[in-house]
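Overview (structure and organization)
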Amino acid sequence: MIESLIEPVSTYAGELDFLFVLITVIVMPWFFAAEGLFFWLLWRFRYQEGQPSMYVTGNEPDLKRWITVPHTLIILLDLVLIAAAVRGWYMIKQDLPTADHTVRVIAQQWAWTFIHPGPDGKLDTDDDIETADELHIIAGELYHYQLESRDVLHNFSIPVFRLKQDSLPGRRITGWFEATKEGTYDIQCAEMCGIGHGIMAARVIIHSKESYAVWEASHSEPVAQN
Ligand SMILES: [Cu+2]
(Lines give C-alpha, C1' and ligand atoms only; values in the text may rest on other atoms or scores of the structure.)
Protein backbone atom coordinates (compact mmCIF):
# COMPACT_ATOMS: atom_id res chain seq x y z
CA MET A 1 0.00 0.00 0.00
CA ILE A 2 2.47 2.64 1.16
CA GLU A 3 6.07 1.99 0.13
CA SER A 4 8.79 2.66 2.68
CA LEU A 5 11.17 5.48 1.85
CA ILE A 6 14.12 3.29 2.82
CA GLU A 7 14.20 -0.34 1.81
CA PRO A 8 13.47 -2.66 4.77
CA VAL A 9 16.25 -5.23 5.22
CA SER A 10 15.66 -6.81 8.64
CA THR A 11 13.04 -9.19 10.02
CA TYR A 12 11.57 -6.46 12.24
CA ALA A 13 11.77 -3.52 9.80
CA GLY A 14 8.23 -4.24 8.55
CA GLU A 15 6.86 -4.04 12.10
CA LEU A 16 8.29 -0.55 12.57
CA ASP A 17 7.21 0.62 9.12
CA PHE A 18 3.69 -0.54 9.96
CA LEU A 19 3.82 1.50 13.18
CA PHE A 20 4.89 4.64 11.29
CA VAL A 21 2.10 4.18 8.73
CA LEU A 22 -0.43 3.57 11.50
CA ILE A 23 0.62 6.75 13.34
CA THR A 24 0.44 8.77 10.11
CA VAL A 25 -2.95 7.39 9.10
CA ILE A 26 -4.42 8.03 12.55
CA VAL A 27 -2.90 11.45 13.19
CA MET A 28 -3.18 13.03 9.73
CA PRO A 29 -7.03 13.30 9.51
CA TRP A 30 -7.09 14.90 12.98
CA PHE A 31 -4.43 17.39 11.97
CA PHE A 32 -6.37 18.49 8.88
CA ALA A 33 -9.69 18.49 10.76
CA ALA A 34 -8.27 20.64 13.57
CA GLU A 35 -6.54 23.11 11.22
CA GLY A 36 -9.58 23.27 8.92
CA LEU A 37 -11.93 23.94 11.80
CA PHE A 38 -9.59 26.56 13.23
CA PHE A 39 -9.43 28.58 10.01
CA TRP A 40 -13.13 28.12 9.35
CA LEU A 41 -13.95 29.50 12.84
CA LEU A 42 -11.62 32.46 12.26
CA TRP A 43 -13.49 33.24 9.06
CA ARG A 44 -17.02 32.47 10.30
CA PHE A 45 -16.76 34.61 13.44
CA ARG A 46 -14.71 37.45 12.00
CA TYR A 47 -15.61 41.04 12.90
CA GLN A 48 -18.96 42.09 11.51
CA GLU A 49 -20.53 45.53 11.73
CA GLY A 50 -23.14 45.72 14.51
CA GLN A 51 -22.63 42.13 15.67
CA PRO A 52 -21.56 41.94 19.35
CA SER A 53 -19.22 39.09 20.33
CA MET A 54 -20.71 36.16 22.15
CA TYR A 55 -19.70 35.67 25.78
CA VAL A 56 -18.50 32.07 26.16
CA THR A 57 -17.73 30.71 29.66
CA GLY A 58 -16.68 27.23 28.49
CA ASN A 59 -19.47 25.55 30.49
CA GLU A 60 -22.19 25.55 27.84
CA PRO A 61 -23.05 21.85 27.23
CA ASP A 62 -23.56 22.29 23.47
CA LEU A 63 -20.13 23.95 23.16
CA LYS A 64 -18.34 21.61 25.58
CA ARG A 65 -19.18 18.72 23.29
CA TRP A 66 -16.59 20.13 20.86
CA ILE A 67 -13.99 19.20 23.47
CA THR A 68 -15.36 16.03 25.06
CA VAL A 69 -16.26 14.13 21.87
CA PRO A 70 -12.91 14.55 20.02
CA HIS A 71 -11.04 14.13 23.30
CA THR A 72 -12.64 10.72 23.94
CA LEU A 73 -12.06 9.59 20.35
CA ILE A 74 -8.42 10.66 20.45
CA ILE A 75 -7.81 8.79 23.71
CA LEU A 76 -9.36 5.65 22.22
CA LEU A 77 -7.14 5.96 19.13
CA ASP A 78 -4.14 6.55 21.41
CA LEU A 79 -4.80 3.15 22.96
CA VAL A 80 -4.47 1.61 19.49
CA LEU A 81 -1.12 3.36 18.95
CA ILE A 82 0.13 2.40 22.42
CA ALA A 83 -0.78 -1.26 21.83
CA ALA A 84 1.06 -1.29 18.48
CA ALA A 85 4.09 0.53 19.97
CA VAL A 86 4.34 -1.82 22.95
CA ARG A 87 4.12 -4.81 20.62
CA GLY A 88 7.02 -3.45 18.52
CA TRP A 89 9.04 -2.52 21.61
CA TYR A 90 8.59 -5.98 23.10
CA MET A 91 9.55 -7.69 19.85
CA ILE A 92 12.70 -5.65 19.23
CA LYS A 93 13.98 -4.50 22.62
CA GLN A 94 12.56 -6.80 25.31
CA ASP A 95 12.63 -10.16 23.61
CA LEU A 96 16.06 -11.55 22.80
CA PRO A 97 15.74 -14.50 20.40
CA THR A 98 18.50 -17.12 20.45
CA ALA A 99 21.49 -15.99 18.42
CA ASP A 100 23.32 -17.81 15.66
CA HIS A 101 26.27 -15.41 16.08
CA THR A 102 27.40 -12.62 18.38
CA VAL A 103 29.38 -9.56 17.32
CA ARG A 104 30.78 -6.74 19.41
CA VAL A 105 30.26 -3.15 18.31
CA ILE A 106 32.46 -0.48 19.87
CA ALA A 107 31.76 3.19 19.27
CA GLN A 108 34.28 5.94 19.85
CA GLN A 109 34.94 9.48 18.68
CA TRP A 110 34.66 9.05 15.66
CA ALA A 111 34.78 5.54 14.35
CA TRP A 112 33.29 2.11 14.82
CA THR A 113 35.18 -1.04 15.72
CA PHE A 114 33.51 -4.34 14.96
CA ILE A 115 34.71 -7.59 16.49
CA HIS A 116 33.59 -10.71 14.67
CA PRO A 117 33.90 -14.09 16.38
CA GLY A 118 36.12 -15.75 13.75
CA PRO A 119 36.11 -19.43 12.74
CA ASP A 120 35.57 -20.75 16.31
CA GLY A 121 32.31 -18.79 16.58
CA LYS A 122 33.31 -17.28 19.95
CA LEU A 123 34.24 -13.75 20.95
CA ASP A 124 37.30 -12.97 23.09
CA THR A 125 39.44 -15.68 21.51
CA ASP A 126 42.61 -15.41 19.40
CA ASP A 127 40.82 -15.83 16.09
CA ASP A 128 38.49 -12.83 16.52
CA ILE A 129 38.42 -10.58 13.47
CA GLU A 130 38.52 -6.88 14.21
CA THR A 131 37.57 -4.32 11.58
CA ALA A 132 37.14 -0.57 11.47
CA ASP A 133 33.92 0.87 10.02
CA GLU A 134 32.92 -2.43 8.37
CA LEU A 135 30.55 -4.96 9.88
CA HIS A 136 30.34 -8.32 8.12
CA ILE A 137 27.31 -10.55 8.71
CA ILE A 138 25.34 -13.33 7.02
CA ALA A 139 21.84 -12.83 5.61
CA GLY A 140 19.09 -14.86 7.26
CA GLU A 141 21.03 -15.55 10.46
CA LEU A 142 20.24 -14.05 13.81
CA TYR A 143 22.87 -11.84 15.42
CA HIS A 144 23.28 -10.51 18.90
CA TYR A 145 25.32 -7.35 19.15
CA GLN A 146 27.17 -6.27 22.26
CA LEU A 147 27.32 -2.51 22.05
CA GLU A 148 29.94 -0.51 23.92
CA SER A 149 31.33 3.00 23.90
CA ARG A 150 34.90 4.06 24.61
CA ASP A 151 34.10 7.68 25.40
CA VAL A 152 30.74 9.44 25.09
CA LEU A 153 27.17 8.60 24.11
CA HIS A 154 26.84 7.33 20.55
CA ASN A 155 24.00 5.61 18.76
CA PHE A 156 24.37 2.50 16.63
CA SER A 157 21.95 3.04 13.79
CA ILE A 158 21.35 0.89 10.70
CA PRO A 159 18.48 2.60 8.86
CA VAL A 160 17.61 -0.35 6.59
CA PHE A 161 17.24 -2.57 9.68
CA ARG A 162 15.24 0.17 11.48
CA LEU A 163 17.77 -0.39 14.26
CA LYS A 164 18.78 2.39 16.63
CA GLN A 165 20.43 1.81 19.96
CA ASP A 166 22.32 4.21 22.19
CA SER A 167 25.74 3.14 23.38
CA LEU A 168 26.84 4.22 26.84
CA PRO A 169 30.36 4.36 28.24
CA GLY A 170 30.74 1.73 30.97
CA ARG A 171 27.92 -0.46 29.76
CA ARG A 172 27.60 -3.36 27.36
CA ILE A 173 24.15 -3.34 25.77
CA THR A 174 22.92 -6.47 24.04
CA GLY A 175 20.40 -6.38 21.22
CA TRP A 176 19.65 -8.33 18.09
CA PHE A 177 18.95 -8.16 14.37
CA GLU A 178 18.50 -10.48 11.44
CA ALA A 179 19.16 -9.26 7.91
CA THR A 180 16.79 -10.53 5.24
CA LYS A 181 18.96 -10.08 2.14
CA GLU A 182 22.51 -9.60 0.94
CA GLY A 183 23.97 -6.19 0.16
CA THR A 184 25.98 -3.28 1.53
CA TYR A 185 24.18 -0.65 3.58
CA ASP A 186 24.92 2.37 5.74
CA ILE A 187 25.62 2.40 9.44
CA GLN A 188 25.54 5.79 11.10
CA CYS A 189 25.98 7.33 14.49
CA ALA A 190 22.61 8.79 15.44
CA GLU A 191 23.61 10.61 18.59
CA MET A 192 25.39 13.98 18.51
CA CYS A 193 28.78 12.91 19.83
CA GLY A 194 31.15 15.77 19.07
CA ILE A 195 32.71 17.65 16.18
CA GLY A 196 33.25 14.53 14.03
CA HIS A 197 29.75 13.12 14.54
CA GLY A 198 28.75 13.73 10.94
CA ILE A 199 31.62 11.68 9.54
CA MET A 200 31.06 8.73 11.87
CA ALA A 201 29.73 6.48 9.15
CA ALA A 202 30.33 2.78 8.57
CA ARG A 203 28.93 -0.01 6.42
CA VAL A 204 27.29 -3.32 7.02
CA ILE A 205 28.19 -5.94 4.45
CA ILE A 206 25.56 -8.66 4.38
CA HIS A 207 26.97 -11.84 2.90
CA SER A 208 25.65 -15.18 1.79
CA LYS A 209 27.05 -18.05 3.89
CA GLU A 210 29.58 -18.83 1.16
CA SER A 211 30.88 -15.30 0.65
CA TYR A 212 31.11 -14.83 4.42
CA ALA A 213 33.26 -17.94 4.65
CA VAL A 214 35.57 -16.51 1.97
CA TRP A 215 35.81 -13.16 3.78
CA GLU A 216 36.40 -14.89 7.10
CA ALA A 217 39.14 -17.11 5.68
CA SER A 218 40.89 -14.16 4.07
CA HIS A 219 40.96 -12.36 7.45
CA SER A 220 42.06 -15.29 9.60
CA GLU A 221 45.59 -16.33 10.41
CA PRO A 222 46.37 -19.86 9.24
CA VAL A 223 46.26 -22.09 12.33
CA ALA A 224 49.50 -23.93 13.11
CA GLN A 225 49.17 -27.70 12.86
CA ASN A 226 50.78 -29.76 15.60
CU1 LIG B 1 29.08 9.03 17.55
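In short, a report on the structure. Source: prediction; values computed, not measured.

1. Some details on the coordination of the copper ion
Protein coordination at the copper ion comes from His154 (ND1), Cys189 (SG), Cys193 (SG) and Met200 (SD), with a distance range of 2.0 to 2.6 Å. The coordination sphere of the copper ion comprises four donor atoms, whose angles at the metal cover 97 to 120°; the geometry is tetrahedral. Sequence spacing of the donor residues for the copper ion, all on one chain, is H-x34-C-x3-C-x6-M. The exposure class of cysteine 193 is buried, given its relative accessible area of 4%.

2. A word on the pairing of strand β8 (residues 173-178)
The buried count for β8 comes to five of six residues, which makes it a mostly enclosed element. With six bridges joining them, strand β5 (residues 142-149) and β8 adopt antiparallel strand pairing. Directly across from histidine 144, in β8, lies its bridge partner tryptophan 176.

3. Remarks on helix α3 (residues 209-218)
Buried within α3 we find Tyr212, Trp215 and Glu216. Axial view of α3: buried residues confined to an arc of 100°, hence all on one face. Set apart from the buried face of α3 by more than 90 degrees, the exposed residues are Glu210, Val214, Ala217 and Ser218. The elements touched by buried residues of α3 are β2 (111-116), β3 (129-132), β4 (134-138) and β10 (201-207).

4. Side note on the packing of aromatic side chains
According to the stated counting rule, one finds eleven aromatic pairs in the structure shown. Geometrically, the ring pair formed by tryptophan 112 and phenylalanine 156 is tilted, given 5.6 Å between the ring centres and 55° between the ring planes. Of this pair, tryptophan 112 sits in strand β2 while phenylalanine 156 sits in strand β6 (residues 154-158); the two residues are 44 residues apart in sequence, bridging distant segments of the chain. By relative accessible area, tryptophan 112 is classed as buried at 0%. Taking the relative accessible area as the measure of exposure, phenylalanine 156 reaches 0% and is therefore buried. Their ring planes at 65° and their centres at 5.5 Å tell us that tyrosine 145 and phenylalanine 156 sit as a pair that is edge-to-face. One end of the pair, tyrosine 145, is in strand β5; the other, phenylalanine 156, is in strand β6, with eleven residues separating them in the sequence. Three or more aromatic residues joined by ring pairs make a cluster, and in this case those are Trp112, Phe114, Tyr143, Tyr145, Phe156, Phe161 and Phe177.

Conventions adopted
Each chain carries its own residue numbering, running from 1 in the written order of its sequence. Reporting in this predicted model follows two pLDDT cut-offs: at least 70 for local features of residues, and 80 or more for side-chain atom pairs to be given and counted; totals over whole chains, interfaces and linings ignore these cut-offs and use all residues. Excluded from the side-chain calculations are hydrogens and water; all other atoms, namely the structure's heavy atoms, are used. Sites may look incomplete, because water is not among the atoms used; the donor set itself consists of N, O and S atoms within 2.8 Å of the metal (3.2 Å for Na, K and Ca). In short, tetrahedral needs four donors with all angles between 85 and 135 degrees, square planar needs four and octahedral six donors with opposite donors over 155 degrees apart and all other angles between 65 and 115, and whatever is left is irregular. Three exposure classes are used, based on accessible area relative to the maximum for each residue type with a 1.4 Å probe and protein chains only: buried under 20%, partly exposed in between, and exposed over 50%. Elements are defined by DSSP. Helices are runs of H or I of four residues or more, strands are runs of E of two residues or more, and each kind is numbered from the N terminus. Pairing between strands is defined by DSSP: at least two bridges between the two strands are required. Arc definition: it is the arc formed by the directions from the helix axis to the C-beta atoms. Should any heavy atoms of two residues lie within 4.5 Å, those residues are considered in contact. Centres within 6.5 Å are what make two rings of Phe, Tyr or Trp a pair, Trp counting through its six-membered ring; a difference in plane orientation under 30 degrees is then read as stacked, over 60 as edge-to-face, and the rest as tilted.

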